[in-house]
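# Observations on the model geometry
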Amino acid sequence: MSDYRDVTPKNAPQYETAKEVFRYIVNYLRHPVEKIKSLPDWNWTVLVITLIVLSMGSGILTGLVPPNFFRIMGGIIISPIVGVVTTTIGALFIYYYFQVFEKRTCSLRKIFTLILFANVPFFIFQVGSEMIPPITLVGFAFTALLMAVGLTENFQMDKRRALRLVTILFAIVFIIWLWNRIDISRLERLG
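Residues numbered from 1 in each chain as written. Predicted model: local features only at pLDDT ≥ 70, side-chain atom pairs only at ≥ 80, totals over all residues. Heavy atoms only, no water.

### Side note on unusual backbone geometry
Stated precisely, the cut-off is as follows: The way it works is that DSSP assigns letters per residue, a run of H or I at least four long becomes a helix, a run of E at least two long becomes a strand, and they are numbered from the N terminus. The buried label applies to any residue whose accessible area, calculated with a 1.4 Å probe on protein chains only, is under 20% of its type's maximum; exposed applies above 50%, and partly exposed to all values in between.
In this chain, Val-65 is followed by Pro-66 through a cis amide linkage whose omega measures -15 degrees. With respect to the secondary-structure elements, Pro-66 resides in the loop between helix H3 (44-64) and helix H4 (69-101). Within the chain, Lys-103 stands out as a residue other than glycine whose phi angle is a positive 60 degrees. Positionally, Lys-103 belongs in the loop between H4 and helix H5 (108-118). Note on Lys-103: relative accessible area 67%, which makes it exposed. Of note, Gln-156 is a non-glycine position whose phi angle comes to about 50 degrees, a positive value. Looking at the secondary structure, you find Gln-156 in the loop between helix H7 (135-155) and helix H8 (159-190). On the basis of relative accessibility, which here comes to 59%, the residue Gln-156 falls in the exposed class.

So this is what it looks like as structure tokens:
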């Protein structure tokens with residue numbers, strides 16, 4: 001009599017998914033422009049966990065440059081929350097942009113995936129933001145360029161409209177960043 005029991009380890013599917021995600025991110029870091037053109041088709045759980053891990057890693061590394069316990073804890077707790085909230089808001093903004101201005105409906109999950117991977121340069125450059133504050137804008141500029149490529153390649157958006165949209169988003173982020181820097185310098189002068 002044959003034994004047909006399943007002897008696959010219970011964590012094998014999660015382990016394989018984690019390996020796939022890791023491989024994709026490594027390849028993405030090597031060729032971001034090429035990889036942003038063909039996004040992975042992952043489920044919501046994988047996307048959110050990937051975003052949490054990337055934003056947490058960026059937050060922890062930011063807290064280590066220079067080392068500060070409270071900033072490291074903020075990287076563990078606050079960064080993932082901010083990452084998920086801002087990515088969700090950005091995805092919803094672009095989702096409704098397509099419905100209102102492009103007169104079509106696109107996959108919210110695919111838009112979320114685009115924003116997640118377009119934000120990777122921002123996460124990387126964010127690490128040095130405490131030492132060189134404007135480096136955040138450099139990271140976001142790369143994010144904006146990847147967004148433009150991703151919008152044209154994945155959603156067949158007109159290149160000019162995609163560039164106009166990400167330029168407007170970059171201007172908004174720049175104004176918020178500048179306002180924040182002015183507030184910080186005021187607080188430093190007062191304190």
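Let us keep going from here.
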